[in-house]
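# Notes for the structure review
Listed below, chain by chain, are the residues.
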Amino acid sequence: MRATKKVHPKRGTAGLKRGLKMAPKPPPPPPFKAWRLLRRSFIFQTKEFFDNSTLHGVRYIAEEGRPFFERFMWFCFVTFGFIAAVVIIFSLWEKFQTNPTITGLDTDFHNQQVIFPTVLVCPTEPYDEEAVRRVAHQQLAGWEAGSEIYEPFLRLLTQLSYGRLQEITATVGGLPAGNGVLRAANLRDLMFRVAVRCNDTFAVCRYKDEDIDCCEMFKPMYTEHGFCFGFNARYTNSWNLELLNTDVHVLFETDKKWALTFEPLRESSIFVHSYNEISGWDFQPQVLWDVESKVEFLISMKQTYTTDDAQQLSIGQRKCIFPEEKKLQFYQDAYTFSGCMKECRIAKSLQFCKCAPPFYAPIRSIPLCTVAQFGCLSEHSANITSISSCQDCELGCLNTVYDIEKYSKIMKTEEEHQEAQVTIEYLTWPIIRYKREVLFGWVDLLVSFGGIAGLFLGFSLLSGVELLYFFTMRALCMVYQNRDELVAIEHEKTAETTRRLELGLGPVRPNGSPQLLATNSGITTAAERRQVVVKLITTDYNRQRQQSADRSVVQQRHRITGNRLSQLQKQSHWQKNQHIISHKHSNATEPYEKSAALVRSEHGYIYGGFLP
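Residues numbered from 1 in each chain as written. Predicted model: local features only at pLDDT ≥ 70, side-chain atom pairs only at ≥ 80, totals over all residues. Heavy atoms only, no water.

## Details of the pattern of salt bridges
Where charged atoms from two side chains of opposite charge approach closely, those side chains can pair. According to the stated counting rule, one finds 14 salt bridges in the structure shown. Of the charged contacts, one joins Arg66 and Glu70 as a salt bridge, the two residues approaching to 2.4 Å between their closest N and O atoms. Classification of Arg66 as partly exposed rests on a relative accessible area of 28%. Between Arg345 and Glu224 there is a salt bridge whose closest N-O contact spans 2.9 Å. Taken together, the residues span a long stretch of sequence, with Arg345 in helix H12 (residues 337-353) and Glu224 in the loop between strand E6 (218-223) and strand E7 (226-231) at a distance of 121 residues. Here Arg345 matches Glu224 in class, with each residue buried. Three or more residues are tied together by salt bridges with common partners; here these are Glu129, Glu151 and Arg155. (Salt bridge = Lys/Arg side-chain N within 4 Å of Asp/Glu carboxyl O. Buried < 20%, exposed > 50% of the residue type's maximum accessible area, 1.4 Å probe, protein only. Helix = DSSP H or I, 4+ residues; strand = E, 2+ residues; numbered from the N terminus.)

## Digging into the pairing of strand E16 (residues 422-426)
Along E16, 5 of the 5 residues are buried, which leaves the element largely enclosed by surrounding structure. Burial along E16 is two-sided: Val422, Ile424 and Tyr426 and Thr423 and Glu425, pointing in opposite directions, are all buried. With 4 bridges connecting them, strand E11 (residues 259-264) and E16 associate as antiparallel partners. Pairing of Leu260 across the sheet is with Ile424, part of E16. Looking at chain direction, strand E14 (residues 293-306) and E16 are connected through 5 bridges and run parallel. Note on E16: the bridge partner recorded for Glu296 is Thr423. (Pairing = 2+ DSSP bridges.)

## Here's the deal with helix H6 (residues 151-158)
Of all 8 residues in H6, 6 are buried; the element is thus mostly enclosed. If you check which residues of H6 are buried, you get Glu151, Phe153, Leu154, Leu156, Leu157 and Thr158.

## Quick notes on unusual backbone geometry
Phi is positive for Lys208, close to 60 degrees, though the residue is something other than glycine. Along the polypeptide, Lys208 turns up in the loop between strand E4 (202-207) and strand E5 (210-211). Among the residues examined, Lys208 registers a relative accessible area of 19% and is labelled buried. Although it is not a glycine, Lys354 sits at a positive phi angle of roughly 65 degrees. As for its position among the elements, Lys354 is in the loop between H12 and helix H13 (374-379).

## Some words on the environment of Ser268
Mapped onto the elements, Ser268 comes out in strand E12 (residues 268-273). Spatially, the C-alpha atom of Ser268 lies 6.3 Å from that of Val121, the residues being 147 residues apart in sequence. Excluding residues within four positions of it along the chain, Ser268 makes contact with Val121, Cys122, Pro123, Thr124, Val287, Leu288 and Trp289. Of the polar contacts made by the side chain of Ser268, one reaches the backbone oxygen of Arg266; its length is 3.0 Å. (Contact = heavy atoms within 4.5 Å. Polar contact = N/O pair within 3.5 Å; in protein donor to acceptor, adjacent residues only side chain to side chain.)

## A closer look at the state of the cysteines
Scanning the model with the defined rule gives 8 disulfides in all. The partner cysteine of Cys340 in its disulfide is Cys393, sulfur to sulfur 2.0 Å. Residues Cys340 and Cys393 are joined through a disulfide that is left-handed, its torsion about the S-S bond being -80 degrees. With Cys340 in helix H12 and Cys393 in the loop between helix H14 (381-385) and strand E15 (399-411), this pair connects stretches of sequence that are 53 residues apart. We note that Cys340, like Cys393, is buried. The disulfide partner of Cys344 is Cys390, and the gap between their sulfur atoms is 1.9 Å. Note on the Cys344 and Cys390 pair: the S-S dihedral is about -85 degrees, so by sign convention the disulfide is left-handed. Of this pair, Cys344 sits in helix H12 while Cys390 sits in the loop between H14 and E15, and the two are 46 residues apart along the sequence. For the residue pair Cys344 and Cys390, the accessibility class agrees, reading buried in each case. (Disulfide = S-S within 2.5 Å.)

## So, the side chain of His273
Looking at where His273 falls in the secondary structure, it is placed in strand E12. For His273, a relative accessible area of 4% translates into the label buried. In this structure the side chain of His273 is engaged in a polar contact, spanning 2.9 Å, whose partner is the side chain of Ser279. Other than its neighbours up to four places away in sequence, His273 contacts Pro117, Thr118, Ile278, Ser279, Phe283 and Tyr402.

## Describing the nonpolar core
With 85 residues, the main nonpolar core has Phe153, Phe218, Phe262 and Ile424 as its most contacted residues. Residues contacting Ile424, with those up to four places away along its chain left out, are Phe116, Val119, Trp258, Ala259, Leu260, Phe262, Ile270, Val272, Phe297 and Ile299. By size, the runner-up hydrophobic cluster in this structure holds 12 residues, among which are Ala310, Leu313, Cys397 and Leu445. (Core = buried A, V, L, I, M, F, W, Y, C linked by side-chain atoms within 4.5 Å.)

The following block contains the structure:
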């Protein structure tokens, strides 16, 4: 028993009563903030989700009463299954993004009509010498002497391309700087005036083994390779406009010969490409024809088409664009790869030099470059022709290419009486084409994801809905509809973290510092007040034991002692974590032991027993 300070009973009792009356009531606990209740709601819903989820193994992680080793084992199993599922799902997603289509043979192709490819004949010297001298003397020199200085420029103008911009720029630099006629002249009009005529380029032409008019079949064109003649070209142009060619030449399986034969009169570069494409810088010549030589090459057509179900994929996934899917700015009839690349080069020419080269036909309000802007075009020609800045252009979903299966070139000699001509012929009738179809679509991707998630985790779409439900709607609704329950749980968790063992009789604050009580009796600390109460209870108990023979005295003793205990219990600040230990010493204490009880307070339990 601790040493107690001697205090007069009456004086001490009066001081104790005054202290009880003047002691302030403890303030109510502060309300919890919304974020704290939301955090507690998320923790509570996490426990509920783990206990009720259909995912394999997660219920054993949060189940109470299981040993730590078993929980850790199930945690490792679930983590391993989750990682394996994520790795496989990402590999499936990469396959879906990069290779969702497959290309195979379509043997059920019996097309009775095949479009003959476009044949572009570009003479090496596509100018007429007489026309060059006449235009230089009449139009550029103004009927004055010295017109021959303009003739090299006019010759190069018919051969103008991105590859010869530097050469023609150097030629322009040697011309008279004060000639305003040349600087203001329409270069396309000058080119068509001095270009070679069709009669001076072709001698004999045959199509399907029948004679045809060369100048009717081969149309003059100003292209990115210079001045050319095109057979079955998609677009034809003149000095002031460009037109879509609707007169398409086709082949039938019953035709006598699937070939085009012509006899050039000038050294030429020959291009062969699909009718669906537009002649331009993207194509390279298949044949460089020399004078007095016979060239024959057999071609085969390889056509790839894409099924309509591939439209569910993005352009980047299927790596092609349907003809009606994307409209070009200048060639709006149908999308083609060459048309897209051509528009890209026009756009870059406008970006760098504010004009388009003269080998492009006049398009709306786009200005054509003059001789003063050739220097700018020559400086940026590498950037203009680069394909790295034209990444938006993809191949068409209907793509046709021609391969040379057999090529032969025979030089004409005096002993051999053979014609110097060029023959382009199909090796076999095209009965096979390639089909691009969807191998891995959205439905296949969904099924694959579901199978992997179900195999490793037991996960389904409704499991995902449950996950969202527990941690969104249910967690938020609990904050507003079950706020009292969250407050009670938070109080209980707070008490568990701050509760500690205290064997003394005085109230203890959560921070462990003794509570100072101001009284009028001179008792200022909780320790002194505790000593006073213990002294009072001990004195009453000893007095009443001496009068145990008289029953009425015993009842009076019980009443007096009960009053002392009621005074003790009314002190709310004494009820925090207060434990009074009782011991049995004799039969005289039985009436008091029957009155002992555990009284639950706001801050824990109080033992209402008696000291011996």
